[in-house]
Amino acid sequence: MSAKEPWRELIMGAHDEEIAASTSDFDRRHVLEKSRHVIDALRLLINSTEQKVPMSWKDACKGASTENYDVFGYRTIMFWYRELHTTDGDLRFTKSSRGASSLAARSPFAEDESLMVQFKSWAGSDLDHLTIKKATEWINKTFLVEYTVKNLKTSN
């Protein structure tokens, strides 16, 4: 496993640069957590077998959940293990769909530099009283309304 980017070894297709670039930060972190939990459950099962103490897979997953402060339930760990075995022998996780739409979304600021200038001008006019709430309201009620209307006119 790559010490620098261990998630690449755990996500199916992540060796491909294009797929790796489209992998969300959530997937990069979450796949490591999934792996740790599944490994912990397997470790508990192996230790139990070596000590000749019967243990079910469910109990091993419950133990792994408990060892990791019950952040994820035992059923989730059981699901992750099953997920690994639905990939035709390739024991890697698939990318989640979480964040996929946001990766594909294009920011209007990236497409048109004048929009960024307009936003910076508005924000700079009252920096002392600028809040996230005010910026969100201005963007949603003023800026994006005008942007959408303008785009609709140019696309027709």
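Source: prediction; values computed, not measured.

Participant: I'm lost on the packing of helix H2 (residues 25-50) against helix H3 (residues 57-67) in this one. Help?
Facilitator: When two helices pack together, their arrangement is captured by the angle between the axes and the distance separating the axes. The N-to-C vectors of H2 and H3 enclose an angle of 125°; their axes lie 8 Å apart at closest approach. By the angle between their axes, H2 is oblique relative to H3. With respect to the hand of their crossing, H2 and H3 are arranged in right-handed fashion. Residues His37, Asp40, Ala41, Leu42, Arg43, Leu44 and Leu45 of H2 lie in contact with H3, whose contacting residues are Trp57, Ala60, Cys61, Gly63, Ala64 and Glu67.

Participant: Which parts of the structure should I look at to understand the packing of H2 against helix H4 (residues 74-84)?
Facilitator: It is the contact of H2 with H4, at a shortest axis distance of 9 Å, that shows an interaxial angle of 100°. Regarding the angle of H2 to H4, the classification is roughly perpendicular. For the pair H2 and H4, contact is made by His30, Glu33, Lys34, His37, Val38, Ala41 and Leu42 and by Ile77, Trp80, Tyr81, Glu83 and Leu84, respectively. Within the contact of H2 with H4, the residues separate by chemical class into 7 nonpolar, 2 polar and 3 charged.

Participant: Which parts of the structure should I look at to understand the pattern of salt bridges?
Facilitator: Once the charged atoms of two side chains with opposite charge are near each other, the side chains can pair. For the structure shown, the criterion picks out 6 salt bridges. Of the charged contacts, one joins glutamate 17 and arginine 8 as a salt bridge, the two residues approaching to 3.3 Å between their closest N and O atoms. Looking at arginine 8, the relative accessible area reads 17%, which means it is buried. The partner of aspartate 90 in a salt bridge is arginine 92, with the nearest N and O atoms 2.9 Å apart.

Participant: Just checking my understanding: could you explain H4 for this structure?
Facilitator: Count 3.6 residues to each turn of an α-helix, and residues three or four apart come out pointing the same way. Turning to H4, its buried residues are Tyr74, Ile77, Trp80, Glu83 and Leu84. Summarising the contacts, the buried residues of H4 are in contact with H2 and H3.

Participant: I keep staring at the layout of surface pockets and nothing clicks. Help me out?
Facilitator: It is a probe the size of a water molecule, rolled over the atoms, that shows where empty space is left. A volume near 240 Å³ is recorded for the largest pocket. What lines the largest pocket is a set of 13 residues, among which Leu10, Ser35, Ile39, Leu84 and Phe93 lie closest to the centre. For the lining of the largest pocket, the leading source of residues is H2, giving 6 residues.

What counts, and where the lines are drawn
Residues numbered from 1 in each chain as written. Predicted model: local features only at pLDDT ≥ 70, side-chain atom pairs only at ≥ 80, totals over all residues. Heavy atoms only, no water. Axes fitted to C-alpha atoms, helices over the stretch in contact; angles between N-to-C directions. Helix = DSSP H or I, 4+ residues; strand = E, 2+ residues; numbered from the N terminus. Parallel < 35°, antiparallel > 145°, perpendicular 65-115°, else oblique. Left-handed = near helix turned anticlockwise from the far one by under 90°. Contact = heavy atoms within 4.5 Å. Nonpolar A, V, L, I, M, F, W, Y, C, P; charged D, E, K, R; others polar. Salt bridge = Lys/Arg side-chain N within 4 Å of Asp/Glu carboxyl O. Buried < 20%, exposed > 50% of the residue type's maximum accessible area, 1.4 Å probe, protein only. 1 Å grid on protein atoms, 1.4 Å probe; cavity = no way out; pocket = protein on both sides within 12 Å on 5 of 7 lines; lining within 4 Å. Points joined across faces, edges and corners; volume = space filled by probe spheres on them.

Read these as spatial facts, not as claims about activity.
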